[in-house]
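This is what each chain is made of:
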Amino acid sequence: MKKLFTFVLILAIMSLACNFNLPLPGNDEPPTESTAEPEAPTNTGVGEFNVIEDITPKLEELGGVPCEENEELTCVTLQVPLDYADATNSETIDVVFGVLPATGERYGMFIQAFPGGPGGEGISSAYWSYYDDAVLEHYDIVYYDQRGIGLSNPLECPVAYANDFISYLTEDDIEGLEGYDTPAEQQALIADTQKYVEDCVAEIGIAPEKLAFFGTEQVAEDIESFRNFVGDEKFWIYGVSYGTAVAQTYAYAHPDRLAGVILDGTIDMTISGEQGSLNQEKAFDKVLVAVLNACNEDPDCSADMNGEDAVAVYDELATQVSENPIAYQYPLSNGGTASGTFTFNALEFTTAYQMYSMPSRMMFLKALAAANNGNLVPMLRLMYDNATIDPATFEYLADPNFSDTMFLSVLCTDDTFFSGTQEERVSQSIEAGQASNGTVPRLDGSVYTGVSCGYWPSSPTETVQREPLVLEGVPVFVLNAGLDPATPFEDGEAVFNNLDNGYHIYAEGGVHSIIGWGYECPDVYVNDFLIDGTLPSEREIVCEDWGAGAIEFYIPNLGSVEDYPDLLEVMRAIDDNIYYLPEYYYGDFEGESSLACDFGGSYTFIRDDNGETYVIDSCEMIEGFIMSGDGSYNSNTGVFTWEITITGDKQGSLTYILNYATDTVTLNGEYGGETIALSQTR
């Protein structure tokens, strides 16, 4: 049975982290601008309203200290009303803001409604290196942990959530059709959901009626409290993913306090919860099909799929695990193996998770191709990493910077999933979920969110209808992508169409959130707006440097040693494939981690401020080619080195050096009784 688990926005933090540390190169061509409405204004008049000269005394007044999880920021705690709507309620709550003060002449605050989710922490996940130095010179960059999350009175039910999530990943639906199509499945869904909500609310440990005070409307008022304390007449706000809901909610309530708004991966606040979920299901399906078709068009990817249609390969695997989940043995870095069963739910969860960025899409295609050739390990790697599951124990580890609890709580507090009695809303949600199975062939199920919200204590019982956001006179940038799976392009376009002073800057392809990837567009427009108040000359701009494709490149899966023209190409292929293993690619920025190689052995990497060191222990990524030794990457010199011995089909001793500074790669040593001395320019 397919339990409720949505794909809504939970990857925003991860994808942004990838943006700012692993930027993809853009071309040097200028963005193409459309010819719509040429009479747009050209300057916002930066500084034409009152702001304080320096925020530092205000931070000192609040007892500012370096933030625990991001010491470059100054953290301050603001005591705010628990319920802004009830002046008779004297109960308060502490909310923490993290501030990077402007380094030069101050223009004001640039508040980051940064976290994805809802549920993402803003302070521990804060980045700012993607902003132009002039932005950092003139603006205080402000982050926050919204109430109920991180440093701001966190509400958690980790035990209840872990039990429910593990049950979801491991259960199957081999009876009837996909979804809750039998009376028995529907009754089980209702019983399981009720139990989860009851267990979660009990574990949170506050009065259930207080959960209503942790929705986005209260978060927006916390931001207003901070603005009021600082004393600036107006400020700028950037919202990404769920943060666009925060930014728009603030704009509804306090339009006169905004100097400018930037929405990246935009939620349409005017639609119902069930419509938003259905729109998202269609967007995920659209992106998945585009990714699979991109594989068909790429010679290397198509070859890895044995020339088969990638859409058909995915559908065949989905059908297989739906009808008969796959029992597997997964290699562990300690030399052992873990047993498990790969279900339809695990496939859908993994697939959806990988649709957020270009590299993650490519990694999914590699895993799908490997599975099509009988090797499920790469797909399992993605599942374990995405789900933060310990492969050895199948224990849910959770993302320390994301609140699974508040994801559901805020979503259910904010959004309306049908109306009527609890029973009526739950019944309508099940009907909608079943109906979507016929219209969205892949990655469906988000509409079932309404079942959980039907039981959540703070969920509205009647339809909440919001008017379109107009925000008269305030410049609003809507950054958008045609291949955004989580916040559909059409939703962002609808927001733009209602704005009084809106600018639609979008990629025809793209990913979920498009700022900070190293492309001129949209970054240059955002920087120009913030630095000197210049607005785009056109209302709609197509970022052609992003292109219209679903992937940018494909790294072929490893074959046998004989498949490569020489041994240097073998080593380069192994190097590339290890780099894109999720344990390495998404690995912790500092500390030690180990991963199991596909056919035995392990690869350990230790990261610090100076780079990385490696321990390679009988690592067999190609059958019969077993590597042992060590290596390093020096971030100061840009030199990557492996010193390894080879056993297996042949014996050898090799030194592999990749020099990023000179863009050269060399391989020297002995292999199979022959001397090796190879080099090439990358």
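Residues numbered from 1 in each chain as written. Predicted model: local features only at pLDDT ≥ 70, side-chain atom pairs only at ≥ 80, totals over all residues. Heavy atoms only, no water.

Draft legend 1. Just a negative patch on the surface, in detail. On the surface, Glu-105, Asp-132, Asp-133, Glu-137, Asp-528 and Asp-532 cluster together to form a negatively charged patch. Of all the elements in the fold, those that place two or more residues in the negative patch are helix H3 (133-138) and helix H18 (520-532). By secondary structure assignment, the location of Glu-105 is in the loop between strand E4 (92-100) and strand E5 (108-113). (Patch = residues over 30% accessible without salt bridge, like charges linked within 9 Å, V, L, I, M, F, W, Y side chains within 5 Å. Areas by Shrake-Rupley, 256 points an atom, 1.4 Å probe, with all protein chains shown as cover. Salt bridge = Lys/Arg side-chain N within 4 Å of Asp/Glu carboxyl O. Lys, Arg positive; Asp, Glu negative; His and termini not counted. Charge placed at Lys NZ, Arg CZ, Asp CG, Glu CD. Helix = DSSP H or I, 4+ residues; strand = E, 2+ residues; numbered from the N terminus.)

Draft legend 2. Molecular detail of the layout of surface pockets. When its volume is computed, the second largest pocket comes out at roughly 490 Å³. Sorting the residues of the lining of the second largest pocket by element identifies helix H12 (358-372), helix H13 (377-387) and strand E18 (611-622) as the ones contributing at least two each. Tallying contributions element by element places H12 first for the lining of the second largest pocket, with five residues. The residue inventory of the lining of the second largest pocket, partitioned by class, reads 13 nonpolar, seven polar and five charged. (1 Å grid on protein atoms, 1.4 Å probe; cavity = no way out; pocket = protein on both sides within 12 Å on 5 of 7 lines; lining within 4 Å. Points joined across faces, edges and corners; volume = space filled by probe spheres on them. Nonpolar A, V, L, I, M, F, W, Y, C, P; charged D, E, K, R; others polar.)

Draft legend 3. Local environment of the confidence of the model for the chain. When pLDDT is averaged along the chain, the result is 91, and 91% of the positions lie at 70 or above. Contacts from residues 1-45, a stretch scored under 50 in pLDDT, to residues over four places away or in other chains number 155 contacts. (pLDDT = per-residue confidence, 0-100. Contact = heavy atoms within 4.5 Å.)

Draft legend 4. Seen up close, the pattern of salt bridges. On inspection of all chains with the given rule, the structure shows twelve salt bridges. Asp-199 is the partner of Lys-195 in a salt bridge, and the nearest nitrogen-oxygen pair spans 2.6 Å. Highlighted residues: Lys-195 and Asp-199, both in helix H5 (residues 183-204), separated by four residues, approximately one helical turn. Residues joined in a network through salt bridges with shared partners are Arg-106, Asp-140 and Asp-232.

Draft legend 5. Representation of empty space enclosed by the protein. Inspection of the entire model under this criterion finds six cavities of 30 Å³ or more. Within this model, the second largest cavity holds a volume of roughly 60 Å³. As for the second largest cavity, its lining consists of Gln-248, Tyr-252, Asp-268, Met-269, Thr-270, Pro-468, Leu-469, Ala-494, Val-495 and Asn-498. For the lining of the second largest cavity, the secondary-structure elements that each account for two or more residues are helix H7 (242-253) and helix H17 (489-498). Counting residues per element, the lining of the second largest cavity draws most heavily on H17, which supplies three residues. Split into classes, the residues belonging to the lining of the second largest cavity amount to six nonpolar, three polar and one charged.

Draft legend 6. H7, seen in detail. Over its twelve residues, H7 runs 17 Å from end to end, which matches the ideal 16 Å to within 8%, given 1.5 Å per residue. With ten of twelve residues buried, H7 is to be regarded as a mostly interior element. Here H7 has its buried residues at Tyr-242, Gly-243, Thr-244, Ala-245, Val-246, Ala-247, Gln-248, Thr-249, Tyr-250 and Ala-251. (Expected span 1.5 Å × (residues − 1). Buried < 20%, exposed > 50% of the residue type's maximum accessible area, 1.4 Å probe, protein only.)

Draft legend 7. View of the sheet that holds strand E22 (residues 664-671). The eight strands are arranged E16-E17-E18-E19-E20-E21-E22-E23 in an open sheet whose pairing can be described as antiparallel. In this open sheet, the two edge strands, each paired with only one partner strand, are strand E16 (591-596) and strand E23 (674-681). For this sheet, the mean angle separating the axes of adjacent strands, direction not counted, is 10°. Examined bridge by bridge, strand E21 (residues 652-659) and E22 share eight bridges and lie antiparallel to one another. By the bridge assignment, Asn-659 is partnered in E22 with Thr-664. On top of the sheet, helix H19 (residues 567-579) reaches strand E17 (602-608), E18, strand E19 (625-634), strand E20 (639-648), E21, E22 and E23; it is set at about 60° to E23, its chief contact. (Pairing = 2+ DSSP bridges. Axes fitted to C-alpha atoms, helices over the stretch in contact; angles between N-to-C directions.)

Draft legend 8. Layout of the state of the cysteines. Considering all chains together, one arrives at six disulfides under this definition. The residue that forms a disulfide with Cys-67 is Cys-75, at a sulfur-sulfur distance of 2.1 Å. What sets the handedness of the Cys-67 and Cys-75 disulfide is the S-S torsion sign, and at about 105° it is right-handed. The exposure class assigned to Cys-67 is buried, which follows from its relative accessible area of 0%. Classification of Cys-75 as buried rests on a relative accessible area of 10%. Here the disulfide map of the chain reads 1-2, 3-4, 5-6, 7-8, 9-10, 11-12, the bonded cysteines being numbered as they appear in the sequence. (Disulfide = S-S within 2.5 Å.)

Draft legend 9. How the structure looks around the environment of Thr-393. Structurally, the position occupied by Thr-393 is in the loop between strand E11 (389-390) and strand E12 (395-396). For Thr-393 and Ser-339, which are 54 residues apart along the polypeptide, the C-alpha to C-alpha distance reads 9.6 Å. Here Glu-395 takes part through its backbone nitrogen, which lies 3.2 Å from a polar atom of the side chain of Thr-393. (Polar contact = N/O pair within 3.5 Å; in protein donor to acceptor, adjacent residues only side chain to side chain.)

Draft legend 10. Fine view of the packing of helix H4 (residues 158-170) against H5. Direction vectors running N to C along H4 and H5 enclose 155°, while the axes themselves pass 8 Å from each other. If you check the angle between H4 and H5, you find them roughly antiparallel. Counting all contacts with H4, which are made through Pro-158, Val-159, Ala-160, Tyr-161 and Asp-164, the residues of H5 involved are Tyr-196, Asp-199, Cys-200 and Glu-203. When its residues are assigned to classes, the contact of H4 with H5 shows six nonpolar, no polar and three charged. (Parallel < 35°, antiparallel > 145°, perpendicular 65-115°, else oblique.)

Draft legend 11. Here's a closer look at the packing of aromatic side chains. All chains considered together, the criterion is met by 43 aromatic pairs. Ring geometry for Tyr-579 and Tyr-585: centres 5.7 Å apart, planes at 80°, overall edge-to-face. Residue Tyr-579 is classed as partly exposed on the basis of its relative accessible area of 29%. Linked through ring pairs, Phe-49, Tyr-107, Phe-110, Tyr-130, Tyr-131, Tyr-139 and Trp-236 together constitute an aromatic cluster. Stacked on the ring of Phe-229, the Lys or Arg Lys-58 has its end atom at 5.2 Å from the ring centre. Lying across the ring of Tyr-584, Arg-607 places its NZ or CZ 4.6 Å from the centre. (Phe/Tyr/Trp six-rings, centres within 6.5 Å; stacked < 30°, edge-to-face > 60°. Lys NZ or Arg CZ within 6 Å of the ring centre and 35° of its normal.)

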